[in-house]
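This is what each chain is made of:
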Amino acid sequence: MEAPLLEVKDVTKSYFENGKEFKVLDLIRFELAERDFVCVVGPSGCGKSTLLRIIVGLEPPTSGQVLFEGSPIRADNPQVAMVFQSFALFPWLTVTQNVELGLEAQGISPEDRHGRARKFIDAVGLTGFENAFPRELSGGMKQRVGLARALAIEPLLLCMDEPFSSLDPLTAQNLRDEILQLWANPDLPPKAVLMVTHSIEEAVYLADRVIVLSSRPGHMVAELEIDLPRPRNRKEPEFYGWIDEIYSLIV
């Protein structure tokens, strides 16, 4: 069998204050392989975003470990990229300059940076806005810049923390479909996607597998394989059946 791309092995996270332990996550364990699209859902405050920060190496677990391609995860791993809910763009930089940030940190030459930035600006539908500043963009366009920046480093694993929650419904749906197109294209990154979302419908629409967390401390209630054909139709009874099943596990 092919080795997993990502291994989350009994990850627990606690915070300590005045001698008291506040456990956020408890013994989270799952794997991702290439071509996986996995969503993590659960009630507010169950530790979903904390789990994602641990997985990308921005925060250490209290116990357990995260392995990427068999080695402990590092925050500077260029094969793992993150898309944040809050866009996280630098307002004084243009679209192109924001997209090139990760490439510049890797020491890639200016010519190669410009070429790769143009490629992914086009891939997310922002051609013509290369020299625009974030203040000149809509919310959806800002999130496209964040997505292009993450894809420009050509990661194997793309992690996303509720990337569509602040967008209007139409823009959010368009971006969901674009993410699926990018993920399905073997010539473009990423090879696998891990996404945190509050929306059960969004998880069923996007994911091959859905990991359901309990209320705090978050532990795995279920790991469900969504066996619906793509493209998925929200109006089908099977689609709503999956939503109902996941909802019943959370509440």
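Residues numbered from 1 in each chain as written. Predicted model: local features only at pLDDT ≥ 70, side-chain atom pairs only at ≥ 80, totals over all residues. Heavy atoms only, no water.

## So, the environment of Ser-63
Okay, so step 1: For Ser-63, the position within the fold is in strand S4 (residues 63-68).
Okay, so step 2: A residue is classified by how much of its surface remains accessible, and Ser-63, at 34% relative accessible area, is partly exposed.
Okay, so step 3: Once the C-alpha coordinates of Ser-63 and Leu-89 are considered, the two residues, 26 residues apart in sequence, prove to be 32 Å apart.
Okay, so step 4: Residues within four places of Ser-63 in sequence aside, it is in contact with Asp-10, Val-11 and Thr-12. (Helix = DSSP H or I, 4+ residues; strand = E, 2+ residues; numbered from the N terminus. Buried < 20%, exposed > 50% of the residue type's maximum accessible area, 1.4 Å probe, protein only. Contact = heavy atoms within 4.5 Å.)

## What to know about helix H1 (residues 48-55)
Okay, so step 1: With 6 of 8 residues buried, H1 is to be regarded as a mostly interior element.
Okay, so step 2: When we look at burial in H1, the residues that qualify are Lys-48, Thr-50, Leu-51, Leu-52, Ile-54 and Ile-55.
Okay, so step 3: Directly beyond the C-terminal end of H1, a positive phi value near 85° is found at Gly-57.

## Looking at the layout of surface pockets
Okay, so step 1: In this structure, the largest pocket spans a volume of roughly 490 Å³.
Okay, so step 2: Looking at the largest pocket, it is lined by 18 residues, and the ones nearest its centre are Ala-75, Val-80, Ala-81, Met-82 and Ile-153.
Okay, so step 3: At the level of secondary structure, the elements contributing two or more residues to the lining of the largest pocket comprise strand S6 (80-83), helix H3 (101-105) and helix H5 (139-152).
Okay, so step 4: For the lining of the largest pocket, the per-class residue count stands at 13 nonpolar, 3 polar and 2 charged. (1 Å grid on protein atoms, 1.4 Å probe; cavity = no way out; pocket = protein on both sides within 12 Å on 5 of 7 lines; lining within 4 Å. Points joined across faces, edges and corners; volume = space filled by probe spheres on them. Nonpolar A, V, L, I, M, F, W, Y, C, P; charged D, E, K, R; others polar.)

## A closer look at the side chain of Gln-143
Okay, so step 1: Tracing the backbone shows Gln-143 in helix H5.
Okay, so step 2: On the basis of relative accessibility, which here comes to 2%, the residue Gln-143 falls in the buried class.
Okay, so step 3: Beyond its immediate chain neighbours, meaning those up to four positions away, Gln-143 contacts Val-83, Phe-84, Gln-85, Phe-87, Pro-163, Leu-167 and Leu-175.

## Considerations on the confidence of the model for the protein chain
Okay, so step 1: Chain-level pLDDT for the protein chain is 89 on average; 99% of the residues reach the 70-or-more range.
Okay, so step 2: By mean pLDDT, the top-scoring element of the protein chain is strand S3 (residues 37-41) (96), and the lowest-scoring one is H3 (84). (pLDDT = per-residue confidence, 0-100.)

## A closer look at the sheet that holds strand S1 (residues 6-17)
Okay, so step 1: Here we have 4 strands laid out as an open sheet, ordered S2-S1-S4-S5, and antiparallel in their pairing. Each edge of the sheet is formed by a strand with only one pairing partner; in this case those strands are strand S2 (20-32) and strand S5 (71-72). (Pairing = 2+ DSSP bridges.)

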